[in-house]
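Spelled out from the first residue to the last, the chains are:
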Amino acid sequence: MLAAQRRSRILAELDRDGTVRVTDLVDLLGVSDMTVRRDLVALHRDGLLEKVHGGALAVAEPSSSEPGFAAKSVQHRLDKEAIAARAAQYVHEGMAIAVSAGTTTHALTEHLAKIPHLTVVTNSVWVADVLHRAGDSTTSVLLTGGLRTPSDALVGPVAVSSLRSLHVDAFFMGVHGMDLRAGFSTPNLLESETNRAMIERSRRLIVCADSSKWGVVGLSSIASLSDASVLVTDTGLSAQASAVLADHVGELVLVDVHDAHETSKDA
(Lines give C-alpha, C1' and ligand atoms only; values in the text may rest on other atoms or scores of the structure.)
Protein backbone atom coordinates (compact mmCIF):
# COMPACT_ATOMS: atom_id res chain seq x y z
CA MET A 1 0.00 0.00 0.00
CA LEU A 2 1.38 3.40 -1.00
CA ALA A 3 1.92 6.16 1.57
CA ALA A 4 -0.91 8.27 0.11
CA GLN A 5 -3.31 5.31 0.37
CA ARG A 6 -2.30 4.60 3.98
CA ARG A 7 -2.74 8.22 4.99
CA SER A 8 -6.11 8.46 3.28
CA ARG A 9 -7.21 5.35 5.22
CA ILE A 10 -5.93 6.85 8.49
CA LEU A 11 -7.93 10.02 7.88
CA ALA A 12 -11.02 7.96 7.05
CA GLU A 13 -10.68 6.17 10.42
CA LEU A 14 -10.35 9.55 12.13
CA ASP A 15 -13.47 10.85 10.40
CA ARG A 16 -15.39 7.84 11.67
CA ASP A 17 -14.12 7.57 15.25
CA GLY A 18 -12.44 10.89 16.04
CA THR A 19 -9.34 9.06 17.29
CA VAL A 20 -6.91 6.37 16.15
CA ARG A 21 -4.32 4.25 17.95
CA VAL A 22 -0.98 3.23 16.50
CA THR A 23 -1.49 -0.43 17.48
CA ASP A 24 -4.85 -0.57 15.72
CA LEU A 25 -3.44 1.06 12.58
CA VAL A 26 -0.58 -1.43 12.45
CA ASP A 27 -3.13 -4.27 12.28
CA LEU A 28 -5.44 -2.41 9.89
CA LEU A 29 -2.77 -1.36 7.40
CA GLY A 30 -0.45 -4.35 7.73
CA VAL A 31 2.66 -2.21 8.17
CA SER A 32 5.20 -1.63 10.92
CA ASP A 33 4.78 0.54 14.00
CA MET A 34 7.48 2.87 12.66
CA THR A 35 5.69 3.32 9.31
CA VAL A 36 2.44 4.26 11.04
CA ARG A 37 4.24 6.77 13.27
CA ARG A 38 5.90 8.37 10.24
CA ASP A 39 2.48 8.68 8.56
CA LEU A 40 1.02 10.33 11.68
CA VAL A 41 3.92 12.77 11.83
CA ALA A 42 3.40 13.71 8.16
CA LEU A 43 -0.35 14.19 8.61
CA HIS A 44 0.23 16.21 11.79
CA ARG A 45 2.71 18.43 9.91
CA ASP A 46 0.04 19.08 7.25
CA GLY A 47 -2.47 20.05 9.95
CA LEU A 48 -4.77 17.11 9.21
CA LEU A 49 -4.67 15.55 12.69
CA GLU A 50 -3.31 16.12 16.18
CA LYS A 51 -0.63 13.60 17.11
CA VAL A 52 -0.80 12.38 20.72
CA HIS A 53 0.97 9.65 22.69
CA GLY A 54 0.06 6.28 21.15
CA GLY A 55 -2.09 7.67 18.34
CA ALA A 56 -3.84 10.76 17.01
CA LEU A 57 -6.99 12.88 17.37
CA ALA A 58 -9.15 14.52 14.71
CA VAL A 59 -8.68 18.26 14.31
CA ALA A 60 -11.81 20.39 14.58
CA GLU A 61 -11.94 22.64 11.52
CA PRO A 62 -13.07 26.27 11.95
CA SER A 63 -15.45 27.63 9.32
CA SER A 64 -12.79 30.04 8.05
CA SER A 65 -9.90 27.55 7.80
CA GLU A 66 -8.62 26.75 4.32
CA PRO A 67 -6.12 23.87 3.96
CA GLY A 68 -3.68 24.02 1.08
CA PHE A 69 -3.98 21.87 -2.03
CA ALA A 70 -1.31 19.38 -0.96
CA ALA A 71 -2.95 18.82 2.43
CA LYS A 72 -6.39 18.27 0.92
CA SER A 73 -5.16 15.99 -1.84
CA VAL A 74 -4.53 13.07 0.55
CA GLN A 75 -7.97 13.26 2.14
CA HIS A 76 -10.54 10.73 0.81
CA ARG A 77 -8.42 10.18 -2.29
CA LEU A 78 -10.21 7.03 -3.51
CA ASP A 79 -13.61 8.69 -2.99
CA LYS A 80 -12.54 11.68 -5.05
CA GLU A 81 -11.18 9.54 -7.87
CA ALA A 82 -14.40 7.52 -8.09
CA ILE A 83 -16.55 10.66 -7.99
CA ALA A 84 -14.42 12.28 -10.68
CA ALA A 85 -14.73 9.26 -12.98
CA ARG A 86 -18.53 9.33 -12.64
CA ALA A 87 -18.80 13.10 -13.10
CA ALA A 88 -16.74 12.87 -16.30
CA GLN A 89 -19.62 10.94 -17.88
CA TYR A 90 -21.53 14.23 -18.08
CA VAL A 91 -18.91 15.68 -20.41
CA HIS A 92 -19.04 15.07 -24.16
CA GLU A 93 -16.94 16.07 -27.14
CA GLY A 94 -17.44 19.68 -28.21
CA MET A 95 -18.82 20.98 -24.90
CA ALA A 96 -17.83 24.23 -23.23
CA ILE A 97 -17.52 23.71 -19.48
CA ALA A 98 -16.25 25.51 -16.39
CA VAL A 99 -14.25 23.74 -13.68
CA SER A 100 -13.63 25.14 -10.21
CA ALA A 101 -10.51 24.75 -8.12
CA GLY A 102 -10.25 21.78 -5.75
CA THR A 103 -8.79 18.32 -5.40
CA THR A 104 -11.90 16.51 -6.66
CA THR A 105 -12.13 18.68 -9.76
CA HIS A 106 -8.39 18.17 -10.24
CA ALA A 107 -9.08 14.41 -10.34
CA LEU A 108 -11.87 15.10 -12.85
CA THR A 109 -9.39 16.86 -15.12
CA GLU A 110 -7.47 13.62 -15.67
CA HIS A 111 -10.60 12.33 -17.43
CA LEU A 112 -11.30 15.58 -19.27
CA ALA A 113 -7.83 15.42 -20.79
CA LYS A 114 -8.96 12.45 -22.90
CA ILE A 115 -12.04 14.17 -24.40
CA PRO A 116 -11.46 16.08 -27.68
CA HIS A 117 -12.75 19.48 -28.74
CA LEU A 118 -13.51 20.78 -25.25
CA THR A 119 -13.43 24.39 -24.15
CA VAL A 120 -12.57 24.52 -20.46
CA VAL A 121 -12.88 27.67 -18.37
CA THR A 122 -11.19 27.38 -14.99
CA ASN A 123 -9.88 29.42 -12.07
CA SER A 124 -7.65 26.52 -10.98
CA VAL A 125 -3.91 26.63 -11.61
CA TRP A 126 -3.76 22.84 -11.17
CA VAL A 127 -6.60 22.11 -13.61
CA ALA A 128 -5.08 24.36 -16.26
CA ASP A 129 -1.68 22.72 -15.77
CA VAL A 130 -3.04 19.18 -16.27
CA LEU A 131 -4.86 20.16 -19.45
CA HIS A 132 -1.81 22.01 -20.74
CA ARG A 133 0.44 18.99 -20.17
CA ALA A 134 -1.86 16.08 -20.97
CA GLY A 135 -4.99 17.45 -22.60
CA ASP A 136 -6.12 16.64 -26.11
CA SER A 137 -4.55 18.91 -28.72
CA THR A 138 -8.02 20.14 -29.72
CA THR A 139 -8.89 21.34 -26.19
CA SER A 140 -8.94 25.07 -25.44
CA VAL A 141 -8.26 26.26 -21.89
CA LEU A 142 -9.25 29.67 -20.55
CA LEU A 143 -7.59 30.44 -17.19
CA THR A 144 -9.04 33.35 -15.26
CA GLY A 145 -6.77 35.85 -13.58
CA GLY A 146 -7.14 36.83 -9.96
CA LEU A 147 -5.68 36.48 -6.49
CA ARG A 148 -4.29 33.04 -5.62
CA THR A 149 -5.76 31.32 -2.54
CA PRO A 150 -4.11 28.64 -0.32
CA SER A 151 -6.01 26.02 -2.37
CA ASP A 152 -4.57 27.48 -5.61
CA ALA A 153 -7.81 29.03 -6.84
CA LEU A 154 -7.71 32.35 -8.70
CA VAL A 155 -10.39 34.59 -7.22
CA GLY A 156 -11.58 38.15 -6.78
CA PRO A 157 -12.66 41.01 -9.08
CA VAL A 158 -10.29 40.12 -11.93
CA ALA A 159 -11.56 36.53 -12.02
CA VAL A 160 -15.21 37.60 -11.84
CA SER A 161 -14.73 40.20 -14.57
CA SER A 162 -13.19 37.62 -16.93
CA LEU A 163 -16.30 35.44 -16.61
CA ARG A 164 -18.96 38.04 -17.39
CA SER A 165 -19.10 37.58 -21.16
CA LEU A 166 -18.86 33.77 -21.16
CA HIS A 167 -21.53 31.07 -21.50
CA VAL A 168 -20.83 27.38 -20.77
CA ASP A 169 -22.85 24.18 -20.85
CA ALA A 170 -21.99 23.05 -17.33
CA PHE A 171 -19.99 24.09 -14.29
CA PHE A 172 -18.24 21.35 -12.32
CA MET A 173 -17.75 22.60 -8.79
CA GLY A 174 -15.92 21.21 -5.78
CA VAL A 175 -16.96 22.46 -2.34
CA HIS A 176 -15.63 22.70 1.20
CA GLY A 177 -18.96 21.78 2.79
CA MET A 178 -22.62 21.03 2.14
CA ASP A 179 -25.46 21.51 4.58
CA LEU A 180 -29.25 21.79 4.43
CA ARG A 181 -29.36 25.39 5.62
CA ALA A 182 -25.95 26.68 4.48
CA GLY A 183 -26.05 24.90 1.12
CA PHE A 184 -22.68 24.56 -0.61
CA SER A 185 -19.99 26.60 1.09
CA THR A 186 -16.31 27.56 1.22
CA PRO A 187 -14.04 29.20 3.82
CA ASN A 188 -12.94 31.86 1.31
CA LEU A 189 -15.23 34.84 0.63
CA LEU A 190 -13.61 35.69 -2.69
CA GLU A 191 -13.72 32.08 -3.87
CA SER A 192 -17.43 31.99 -3.05
CA GLU A 193 -17.99 35.13 -5.14
CA THR A 194 -16.03 33.69 -8.06
CA ASN A 195 -17.90 30.39 -7.97
CA ARG A 196 -21.24 32.24 -7.95
CA ALA A 197 -20.13 34.08 -11.09
CA MET A 198 -19.38 30.74 -12.75
CA ILE A 199 -22.81 29.42 -11.77
CA GLU A 200 -24.46 32.44 -13.36
CA ARG A 201 -22.66 31.75 -16.65
CA SER A 202 -23.53 28.03 -16.74
CA ARG A 203 -26.60 26.13 -17.90
CA ARG A 204 -26.09 23.38 -15.29
CA LEU A 205 -24.31 23.15 -11.95
CA ILE A 206 -22.71 19.75 -11.29
CA VAL A 207 -21.27 19.49 -7.77
CA CYS A 208 -18.54 16.94 -7.05
CA ALA A 209 -18.16 16.35 -3.31
CA ASP A 210 -17.32 13.31 -1.19
CA SER A 211 -19.60 12.34 1.70
CA SER A 212 -17.28 13.81 4.35
CA LYS A 213 -18.39 17.28 3.19
CA TRP A 214 -21.93 16.68 4.48
CA GLY A 215 -22.60 18.71 7.63
CA VAL A 216 -19.52 20.89 7.10
CA VAL A 217 -20.24 24.63 6.90
CA GLY A 218 -17.70 27.07 5.49
CA LEU A 219 -17.69 30.78 6.18
CA SER A 220 -19.41 31.75 2.93
CA SER A 221 -22.31 30.08 1.11
CA ILE A 222 -21.94 29.64 -2.64
CA ALA A 223 -25.33 28.23 -3.60
CA SER A 224 -28.30 26.42 -2.13
CA LEU A 225 -28.64 22.65 -2.50
CA SER A 226 -31.52 23.17 -4.93
CA ASP A 227 -29.23 25.08 -7.30
CA ALA A 228 -27.37 21.86 -8.16
CA SER A 229 -28.61 20.09 -11.27
CA VAL A 230 -26.48 17.10 -10.24
CA LEU A 231 -24.59 16.16 -7.09
CA VAL A 232 -22.06 13.36 -7.47
CA THR A 233 -20.97 11.94 -4.11
CA ASP A 234 -20.24 8.54 -2.55
CA THR A 235 -22.22 5.91 -0.68
CA GLY A 236 -20.59 6.91 2.62
CA LEU A 237 -23.53 9.27 3.15
CA SER A 238 -25.97 8.29 5.89
CA ALA A 239 -29.49 7.31 4.85
CA GLN A 240 -30.81 10.53 6.38
CA ALA A 241 -28.32 12.71 4.49
CA SER A 242 -29.08 10.89 1.24
CA ALA A 243 -32.80 11.51 1.74
CA VAL A 244 -32.29 15.21 2.40
CA LEU A 245 -30.07 15.65 -0.64
CA ALA A 246 -32.37 13.63 -2.89
CA ASP A 247 -35.20 15.99 -1.95
CA HIS A 248 -33.23 19.11 -2.83
CA VAL A 249 -30.76 18.54 -5.67
CA GLY A 250 -31.93 17.86 -9.19
CA GLU A 251 -30.19 14.48 -9.42
CA LEU A 252 -28.30 12.67 -6.66
CA VAL A 253 -25.62 10.23 -7.89
CA LEU A 254 -24.10 7.90 -5.28
CA VAL A 255 -20.85 6.22 -6.29
CA ASP A 256 -19.78 2.98 -4.63
CA VAL A 257 -16.09 3.71 -4.13
CA HIS A 258 -15.05 0.09 -3.60
CA ASP A 259 -16.79 -1.09 -6.78
CA ALA A 260 -15.27 1.78 -8.75
CA HIS A 261 -11.80 0.98 -7.40
CA GLU A 262 -12.09 -2.69 -8.34
CA THR A 263 -13.33 -1.76 -11.81
CA SER A 264 -10.39 0.59 -12.36
CA LYS A 265 -7.94 -2.16 -11.35
CA ASP A 266 -9.52 -4.60 -13.79
CA ALA A 267 -9.56 -2.14 -16.69
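Quick note: structure is the one above.
Attention in this report is confined to the structure presented alongside it. Since we're looking at a predicted model, the values are computed, not measured. (Residues numbered from 1 in each chain as written. Predicted model: local features only at pLDDT ≥ 70, side-chain atom pairs only at ≥ 80, totals over all residues. Heavy atoms only, no water.)

Before going further, it helps to examine the overall build of the protein. Each helix and strand counted, the protein has 11 helices and 15 strands in total. Residues counted as buried form 49% of the 267 residues belonging to the protein. In the form shown here, the protein has an accessible surface area of approximately 12,500 Å², with 51% of it arising from carbon and sulfur atoms. (Helix = DSSP H or I, 4+ residues; strand = E, 2+ residues; numbered from the N terminus. Buried < 20%, exposed > 50% of the residue type's maximum accessible area, 1.4 Å probe, protein only. Areas by Shrake-Rupley, 256 points an atom, 1.4 Å probe, with all protein chains shown as cover.)

Let's shift gears to the sheet that holds strand β11 (residues 183-186). Hydrogen bonding along the main chain pairs the strands of a sheet, whether they run parallel or antiparallel. On the basis of which strands lie adjacent, the open sheet formed by 3 strands has the order β10-β11-β13 and antiparallel pairing. The open sheet has two edge strands, β10 (177-179) and β13 (220-223), and neither has a second partner. The mean inter-strand angle of the sheet, taken between neighbouring strand axes irrespective of direction, is 40°. Taken together, the 3 bridges between β11 and β13 define a ladder with antiparallel strand orientation. When the bridges of β13 are listed, Ser-185 appears paired with Ser-221. Sheet strands in contact with helix α9 (residues 189-200) are β11 and β13, and its direction is about 10° off that of β13. (Pairing = 2+ DSSP bridges. Axes fitted to C-alpha atoms, helices over the stretch in contact; angles between N-to-C directions. Contact = heavy atoms within 4.5 Å.)

With that out of the way, let us pick up the pairing of strand β6 (residues 140-143). The pairing of strand β5 (residues 119-122) with β6 spans 4 bridges and is parallel. Note that in β6 the partner of Val-121 across the bridge is Leu-142. Viewed along the sheet, the connection from β5 through helix α7 (residues 125-134) into β6 turns out right-handed. (Right-handed = clockwise from strand over helix to strand, strands pointing away.)

Let's shift gears to the sheet that holds strand β2 (residues 49-52). Taken in spatial order, the 3 strands make up an open sheet running β1-β3-β2, and their pairing is antiparallel. What marks the edges here is a single partner per strand, and that holds for β1 (19-21) and β2. Strand-to-strand twist of the sheet, defined as the mean angle between neighbouring strand axes without regard to direction, takes the value 20°. Across 3 bridges, the pairing between β1 and strand β3 (residues 55-58) is antiparallel. When the bridges of β3 are listed, Arg-21 appears paired with Gly-55. Of the strands in this sheet, β2 and β3 touch helix α3 (residues 33-45), which is tilted by about 135° from β2.

Moving on to the nonpolar core. Val-91, Ile-97, Leu-112, Phe-172 and Val-232 are the most contacted members of the largest nonpolar core, which totals 28 residues. Elements with a minimum of two residues in this core: α5 (77-87), β4 (96-99), α6 (103-112), α7, β9 (168-174), β12 (202-208), β14 (230-234) and β15 (252-255). Among the elements that take part in this core, α5 stands out by supplying 4 residues, more than any other. Among all residues touching Leu-112, those that are not within four sequence positions of it are Val-91, Ile-97, Val-99, Leu-118 and Leu-131. (Core = buried A, V, L, I, M, F, W, Y, C linked by side-chain atoms within 4.5 Å.)

Here the focus is the side chain of Thr-35. When you line up the elements, Thr-35 lands in helix α3. Assessed through its relative accessible area of 12%, Thr-35 is described here as buried.

Time to look at the environment of Glu-193. By secondary structure assignment, the location of Glu-193 is in helix α9. C-alpha separation for the pair Glu-193 and Val-155, spaced 38 residues apart in sequence, amounts to 7.9 Å.

Counting across every chain of the model gives 8 salt bridges. One salt bridge connects Asp-33 with Arg-37, and the closest N-O pair in it is separated by 2.7 Å. Of the two residues, Asp-33 and Arg-37 both sit in helix α3, 4 residues apart, roughly one turn of that helix. A relative accessible area of 33% means that Asp-33 is categorised as partly exposed. (Salt bridge = Lys/Arg side-chain N within 4 Å of Asp/Glu carboxyl O.)

This part takes up α7. Considered for burial, the residues of α7 that qualify are Val-127, Ala-128, Val-130 and Leu-131. Here the buried residues of α7 occupy an arc of 160° about the axis, which is enough to place them on one side. Opposite the packed face of α7, turned more than 90 degrees from it, sit the exposed residues His-132 and Arg-133. Where the residues of α7 are buried, they touch β4, α6, β5 and β6. (Arc of directions from axis to C-beta.)

Before going further, it helps to spend a moment on the pairing of β2. Of the strand pairs in this sheet, β2 and β3 are connected by 4 bridges, and their pairing is antiparallel. Along β3, the bridge assignment pairs Glu-50 with Leu-57. Between β2 and the antiparallel strand that follows it, β3, lie 2 residues; Gly-54 among them carries a positive phi value of about 85°.

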